[in-house]
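Observations on chain architecture
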Amino acid sequence: MKEKFTITIDPTPQKKKPAINTIGTISNRLTVVTAMTITDISKILVQPYSYTWSPAVFNSSRSNNTWVQQEVFALDFDSGITPDEVKSRFNKIGITPNLFYSTFSDTLEKRKFRVLIFIDETIDDIEFRNHIIQSLMELFPECDKHCKDPGRMFFGGLLSEVWNPDPIGLNNLVDSLLINKIPADHRISTKQYKKRLFLLYYYKSKRKCADSSTEISGPDLPEYLSKIKRNLFDWDKCKDRVKIFNDFIEGKWLSHPELFGLATNLQWINGGLKKMKEAMEKYNQLGLTNYSINNFKILPYVRYMEYQPQNLKNFSSNPEDHEHTNLITAVTEVRGHVEIIKPPEWISLDEGRRLFNNYFELCLKSNERKIYICKVPTGIGKTEMLTNLPINTTIALPTHDLKDEVSQRMNTSHIVTPEIPKFGKPQLNKHIKNLYTVGLYKNVYQQIQMISKDATFKFNNKSDVELANKFLNELNRCDAWNGTLLTTHKRSLLKSYSNDTLIFDEDPFNSLIEIKQFKISDLFKLEFPFGYESNISKIRDYLLKCPAEVIAQTPTFNIDIDKLMIDVSESKITSNVLGFFKSLYFIKSSLDQNTIHYVIKNTLPTDKKIIILSATVPIKFYQYLYGDRVEYIDLSNIKHQGTIIQHTKLSCSRQGLNKYYGKILIQLNGEQVLTLKDFSEIFSTDDLLHIHFGNCEGFDVFKGKNINVVGTPHFNNIVYLLYGKILGIEFNTLDTSMKYQMIEWKERKFKFNTFNHEELRDLQLTLIESQILQAVGRARTLITDATVNLYSNLPLLISNEFRY
């Protein structure tokens with residue numbers, strides 16, 4: 001939601017209404033463009049500041065001709081109406097103005113005040129702007145008509161009050177203003193009215209109606225909407241499944257926005273708007289409701305505009321209604337239904353193990369520097385196989401904890417790479433953590449070397465010096481070691497060890513393709529103190545001008561990286577600026593335009609044989625990256641001994657769980673829950689909060705136990721787009737939007753919020769599926785009789801039953 005709004009001010013305090021002979025001077029000072037919250041603006045417009053201001057931004061001195069844009073509209077009232085009456089009239093069309101402030105001339109006998117509306121988009125077309133202010137003034141004939149020009153400035157006042165802290169949706173404002181334009185008889189058949197529809201259609205499609213003969217057609221509609229008008233509709237089922245519709249039919253009063261949303265749905269149902277009108281008239285006559293003329297105007301308006309059915313979550317405050325998309329789908333489909341197009345062809349566990357053992361043995365014997373992928377279910381015994389390897393290899397695991405656990409189980413001679421020590425001196429740990437945060441990985445080892453050389457213990461205590469020396473000695477030993485070595489995924493990509501074979505236990509894709517972020521504001525911390533006035537300024541300005549949500553290739557910047565690393569280490573930077581200069585692509589966040597997300601592509605060694613063992617390895621991703629170098633076996637179709645019951649009615653996304661986690665808690669059977677990290681405290685026991693989506697790999701504490709897995713772990717869309725770019729998927733801006741739609745994936749047909757673009761969709765679903773499979777795999781249903789109840793609307797092939 002937009003939080004700050006741009007206006008132009010003269011930051012000169014005023015104690016009273018300025019004299020006429022000072023207005024020119026004030027106008028000349030009106031040049032300060034500032035972005036502020038509604039609350040902050042409410043303060044600067046009244047005492048003790050009472051700044052003069054304009055809703056517009058200008059490209060030079062203030063005038064109608066220099067107008068550039070605006071996000072705020074102001075109505076000036078000096079007679080004939082009270083603030084409460086203005087607020088009430090706005091509320092009748094579904095709008096709550098944001099701010100009221102009284103002028104210097106305001107009295108109880110003669111109210112003089114201004115009402116401000118803040119909108120959630122920036123208007124940069126003056127004709128569109130003029131239509132909006134004109135329509136607002138038609139709604140309020142009492143306002144001062146002289147205050148409609150684009151370059152208008154307003155004086156401050158005495159007192160202010162925030163009526164609504166949230167900006168008004170421009171779409172909602174336009175609809176409300178157009179509904180008000182409908183004639184008193186509710187009819188909209190004349191060409192004159194079509195001409196007045198310019199306001200909406202300019203906003204919707206950016207095309208103008210040149211004259212009264214111009215015909216305007218409604219938006220294109222899916223074929224099913226036009227067909228539904230000819231079909232019978234089960235009104236009783238609709239009442240049972242959609243609470244807001246049932247409330248309306250039973251006589252509960254609905255607000256203007258609720259009526260509007262309901263009308264967009266009912267107009268596509270045969271007799272729907274007629275039924276709505278009859279109910280409104282009936283309950284008005286009974287005195288249960290007080291629907292206004294403007295409320296009734298909604299019905300012909302949505303019919304004329306041919307609006308598609310508004311999503312229930314956008315106008316119904318009932319959480320249970322949000323399980324359905326709209327009134328039509330609530331009746332015509334069962335939410336969460338999964339159609340199995342083709343059942344999997346299962347193989348037995350014994351057969352699966354035989355195929356896996358044979359393929360793994362062939363991989364070990366091969367002399368080719370290929371990438372061999374073994375996609376095998378969790379529990380098949382891949383880690384046990386690694387503990388008995390007959391040849392010297394480098395084995396990489398996701399974390400230090402898993403590396404140390406496997407080390408304890410090893411039956412062959414080996415050593416392990418050390419983890420960065422935890423020093424007794426807290427500031428050392430904090431400093432090392434900060435170095436990692438900003439991407440100064442080499443500096444971490446330099447810092448540890450400095451600690452190790454403090455022989456007189458002048459700066460560090462004796463135990464920390466010993467820890468540092470032990471760490472460095474272990475590193476040197478690993479560098480010289482020719483036998484089996486255990487390390488982490490990340491370290492195996494940064495350091496080349498002597499073995500010709502590198503085996504990854506679990507998928508290393510997240511270490512190969514890293515998505516990181518940094519703050520543009522951190523560049524300011526480098527710009528002047530360290531002599532980067534030109535280059536850093538150019539980079540900063542380039543990033544500030546980049547549009548949000550658009551992927552761009554990272555340019556080659558003319559900058560001394562070695563010097564930059566030194567300066568970053570001496571600065572107060574808090575994000576990984578250095579990594580950005582190694583990235584291939586980046587994208588600016590639309591929610592926080594100070595944040596840049598970027599992607600770094602690391603590489604698997606070309607001089608080694610690579611073997612990847614994982615239940616969730618995305619084979620297609622590796623084929624995108626490495627082509628013919630990839631060979632694989634996919635044994636995902638081994639039949640499980642245990643049971644997986646999947647509940648698909650609710651999406652169980654983060655947004656969904658925020659609304660209805662209580663509903664799911666009631667359904668749980670008391671067994672341990674694995675879920676999204678943000679919901680661990682709600683669903684899980686305290687001692688297992690560290691095991692969650694994204695941190696499940698390798699844990700055996702749930703082996704053979706009945707568990708619940710709750711959640712559909714969607715990633716930020718930026719992740720999908722950056723991954724897609726690195727993988728070489730071709731897509732354009734139109735392909736990057738998502739919608740809730742029926743899809744087919746892995747021989748399953750179901751509804752899901754996803755991309756239209758098939759390859760982006762496959763990427764998204766693969767990433768989500770991998771997280772869910774890792775969580776479900778903790779129960780080891782492949783080899784135990786455990787039962788997993790999975791709550792997610794992404795169907796798994798291994799699920800035995802779908803409940804919805």
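Residues numbered from 1 in each chain as written. Predicted model: local features only at pLDDT ≥ 70, side-chain atom pairs only at ≥ 80, totals over all residues. Heavy atoms only, no water.

This brings us to the environment of P141. As for its placement among the helices and strands, P141 is situated in the loop between α4 (126–139) and β8 (157–162). Owing to a relative accessible area of 55%, P141 belongs among the exposed residues under this scheme. The sequence separation of P141 and E747 amounts to 606 residues, and the corresponding C-alpha distance is 62 Å. (Helix = DSSP H or I, 4+ residues; strand = E, 2+ residues; numbered from the N terminus. Buried < 20%, exposed > 50% of the residue type's maximum accessible area, 1.4 Å probe, protein only.)

Our focus in this paragraph is the pairing of strand β6 (residues 99–103). Buried residues dominate β6, accounting for five of its five residues. Sheet topology note: the β6/strand β7 (residues 113–123) ladder contains four bridges and is antiparallel. Bridge pairing in β7 links S102 to F113. (Pairing = 2+ DSSP bridges.)

All chains considered together, the criterion is met by 29 aromatic pairs. Summarising the aromatic geometry, the rings of F518 and F580 are spaced 5.0 Å apart at their centres and angled 45° between planes, so their arrangement reads as tilted. With F518 in strand β15 (residues 513–519) and F580 in helix α26 (residues 577–580), this residue pair connects regions lying 62 residues apart in the sequence. When its relative accessible area of 1% is taken as the criterion, F518 is described as buried. Exposure remark for F580: the relative accessible area of 0% places this residue in the buried category. Here the aromatic residues F77, F90, F100, F113, F140 and W163 are joined through ring pairs into a cluster of three or more. Across from the ring centre of W235, 4.9 Å away, lies the NZ or CZ of K275, which sits over that ring. We note K725 situated over the ring of F731; from NZ or CZ to the ring centre the distance is 5.6 Å. (Phe/Tyr/Trp six-rings, centres within 6.5 Å; stacked < 30°, edge-to-face > 60°. Lys NZ or Arg CZ within 6 Å of the ring centre and 35° of its normal.)

On to the sheet that holds strand β2 (residues 32–36), then. Judged by pairing direction, the sheet is antiparallel, and its three strands sit side by side in the order β2-β1-β3 without closing on themselves. Edge positions in the open sheet fall to β2 and β3 (52–54), since each of these has one partner strand only. Each strand axis lies, on average, 40° off the axis of its neighbour in the sheet, ignoring direction. With five bridges connecting them, strand β1 (residues 5–10) and β2 associate as antiparallel partners. Paired with F5 across the strands is M36, a residue of β2. (Axes fitted to C-alpha atoms, helices over the stretch in contact; angles between N-to-C directions.)

As a further point, take the pattern of salt bridges. Taken as a whole and judged by the stated rule, the model has 25 salt bridges. With a shortest N-O distance of 3.3 Å, K2 and E71 are connected by a salt bridge. With K2 in the segment before β1 and E71 in strand β5 (residues 67–77), this pair connects stretches of sequence that are 69 residues apart. K2 gets classed as partly exposed once you look at its relative accessible area, which sits at 27%. Of the charged contacts, one joins K243 and D247 as a salt bridge, the two residues approaching to 3.0 Å between their closest N and O atoms. Here D247 and K243 lie together in helix α10 (residues 243–249), a separation of four residues that amounts to about one turn. (Salt bridge = Lys/Arg side-chain N within 4 Å of Asp/Glu carboxyl O.)

Before going further, it helps to examine unusual backbone geometry. A cis amide bond, omega 10°, links Q47 with the succeeding residue P48. Position of P48 relative to the elements: it lies in the loop between α2 (38–44) and β3. Phi at S50 takes a positive value of approximately 50°, unusual for a residue other than glycine. For S50, a relative accessible area of 0% corresponds to the buried category.

Tallying each qualifying case throughout the model produces zero disulfides. Left without a disulfide partner, C147 is nearest to the cysteine sulfur of C143, which lies 7.9 Å away. (Disulfide = S-S within 2.5 Å.)

In this approach the atoms are scanned with a rolling probe the size of a water molecule, which exposes any empty space left behind. All chains considered together, the criterion is met by two cavities of 30 Å³ or more. Taken together, P55, Q70, F73, A74, R129, I133, C147, D149, P150, R152 and F154 make up the full set of residues lining the largest cavity. Elements that contribute at least two residues to the lining of the largest cavity include exactly β5 and α4. The element best represented in the lining of the largest cavity is β5, accounting for three residues. Here the residues of the lining of the largest cavity sort into seven nonpolar, one polar and three charged. (1 Å grid on protein atoms, 1.4 Å probe; cavity = no way out; pocket = protein on both sides within 12 Å on 5 of 7 lines; lining within 4 Å. Points joined across faces, edges and corners; volume = space filled by probe spheres on them. Nonpolar A, V, L, I, M, F, W, Y, C, P; charged D, E, K, R; others polar.)

With respect to topology, four strands assemble into an open sheet ordered β15-β18-β17-β16, the strand pairing being antiparallel. In the strand order of this sheet, the two ends are held by β15 and β16 (552–553), each with one partner. As judged from the four bridges shared by strand β17 (residues 585–588) and strand β18 (residues 595–601), these two strands associate in the antiparallel manner. Opposite F586, over in β18, you have Y598 as the bridge partner. Most of the contacts of helix α24 (residues 535–545) go to β17, to which it runs at about 60°, and overall it touches β15, β16, β17 and β18. (Contact = heavy atoms within 4.5 Å.)

Another aspect to go through is the packing of helix α18 (residues 426–437) against helix α19 (residues 441–452). The geometry of α18 relative to α19 is characterised by a closest axis approach of 8 Å and an angle of 155° between their N-to-C directions. Classified by the angle their axes make, α18 and α19 are roughly antiparallel. In the packing of α18 onto α19, the handedness of the crossing is right-handed. Contacts between α18 and α19 involve L428, H431, I432, L435 and Y436 from the first element and Y441, N443, V444, Y445, Q447, I448 and I451 from the second. A per-class count over the contact of α18 with α19 returns nine nonpolar, three polar and no charged. (Parallel < 35°, antiparallel > 145°, perpendicular 65-115°, else oblique. Left-handed = near helix turned anticlockwise from the far one by under 90°.)

Let us now look at helix α11 (residues 256–266). In terms of burial, α11 is a largely internal element, 10 of the 11 residues being buried. Among all positions of α11, only H256, E258, L259, F260, G261, L262, A263, T264, N265 and L266 are buried.

Let us look at the packing of helix α5 (residues 170–181) against helix α13 (residues 293–305). Across the interface, α5 lies against α13 with an axial gap of 9 Å and an inter-helix angle of 100°. Taken together, the axis directions place α5 and α13 in an arrangement best described as roughly perpendicular. Together, D175, L178, I179 and N180 of α5 and N294, K297, I298 and Y301 of α13 make up the contact between the two elements. Classifying every residue of the contact of α5 with α13 by side-chain character gives four nonpolar, two polar and two charged.

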